[in-house]
Amino acid sequence: MESGPPPVKTRDGIWLKIYNGVSFGPGGRLYGGYKTGQMLLDVVHQPRGPPIARLDNPLLQRSSLLRISGQDLRSFGSMAGFVFSK
């Protein structure tokens with residue numbers, strides 16, 4: 001697991017954290033490529049505690065059917081930033 005963009009504080013004071021991860025299969029082989037997940041953190045009441053909520057499925061993941069400019073997307077899926085819009 002690696003950190004994505006900086007956490008975003010919600011109206012309720014809970015922090016939304018985006019992170020990147022990768023799945024490994026038998027024998028330590030890369031399985032499914034990189035995926036992006038999200039979790040909610042309560043740093044006031046549980047500063048060192050576990051996330052208070054986390055997605056069961058990836059927020060973003062590559063599709064084995066998609067290819068961009070002939071490049072395989074096995075290494076795609078790392079989230080690095082947010083764009084806010086009103």
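Computed from a predicted model, the values in this text were never measured in an experiment. (Residues numbered from 1 in each chain as written. Predicted model: local features only at pLDDT ≥ 70, side-chain atom pairs only at ≥ 80, totals over all residues. Heavy atoms only, no water.)

Asker: Could you give an account of the overall build of the protein, with specific residues and numbers?
Answerer: Helix and strand content of the protein: zero helices and eight strands. When the helices and strands of the protein are listed from N to C terminus, the series reads β-β-β-β-β-β-β-β. Put simply, the protein has 86 residues, and 19% of those count as buried. Contacts in the protein between residues at least 24 apart in sequence constitute 38% of all its contacts with a sequence separation of at least 6. As displayed, the protein has an accessible area near 6800 Å², and 54% of this comes from carbon and sulfur atoms. (Helix = DSSP H or I, 4+ residues; strand = E, 2+ residues; numbered from the N terminus. Buried < 20%, exposed > 50% of the residue type's maximum accessible area, 1.4 Å probe, protein only. Contact = heavy atoms within 4.5 Å. Areas by Shrake-Rupley, 256 points an atom, 1.4 Å probe, with all protein chains shown as cover.)

Asker: Describe the pairing of strand S3 (residues 15–24), naming the residues involved and giving the relevant values.
Answerer: Relative to S3, strand S1 (residues 2–3) is paired through two bridges, and the arrangement is antiparallel. When the bridges of S3 are listed, Ser-3 appears paired with Tyr-19. Strand direction decides the pairing type here: strand S2 (residues 8–9) and S3, joined by two bridges, are antiparallel. Among the inter-strand pairings, Val-8 is bridged to a residue of S3, identified as Leu-16. A loop of five residues connects S2 with S3, the two strands running antiparallel in sequence, and Gly-13 in this loop sits at a positive phi of about 85°. (Pairing = 2+ DSSP bridges.)

Asker: Tell me about a nonpolar patch on the surface, residues and numbers included.
Answerer: A cluster of nonpolar side chains, contributed by Leu-55, Leu-59 and Leu-60, occupies part of the molecular surface with about 230 Å² of accessible area. Its place among the elements puts Leu-60 in strand S6 (residues 60–61). (Patch = residues over 30% accessible without salt bridge, like charges linked within 9 Å, V, L, I, M, F, W, Y side chains within 5 Å. Salt bridge = Lys/Arg side-chain N within 4 Å of Asp/Glu carboxyl O.)

Asker: Pulling in residues and values, what's your account of the environment of Leu-59?
Answerer: Mapped onto the elements of the fold, Leu-59 is located in the loop between strand S5 (53–54) and S6. For Leu-59, a relative accessible area of 38% corresponds to the partly exposed category. Taking the C-alpha atoms as reference, Leu-59 lies 5.5 Å from Thr-36; in sequence the two are 23 residues apart.

Asker: Talk me through the side chain of Lys-17; I want residue IDs and the actual numbers.
Answerer: You can see Lys-17 is positioned in strand S3. One polar contact links the side chain of Lys-17 to the main-chain carbonyl oxygen of Pro-5, over a distance of 2.9 Å. Contact partners of Lys-17, with chain neighbours within four places excluded, come to Ser-3, Gly-4, Pro-5, Pro-7, Gly-37, Gln-38, Met-39 and Leu-41. (Polar contact = N/O pair within 3.5 Å; in protein donor to acceptor, adjacent residues only side chain to side chain.)

Asker: I'd love a proper account of the side chain of Thr-36, names of residues and values included.
Answerer: Within the secondary structure, Thr-36 sits in strand S4 (residues 30–41). Residue Thr-36 is classed as buried on the basis of its relative accessible area of 1%. There is a polar contact of 3.2 Å between the side chain of Thr-36 and the side chain of Asn-20.

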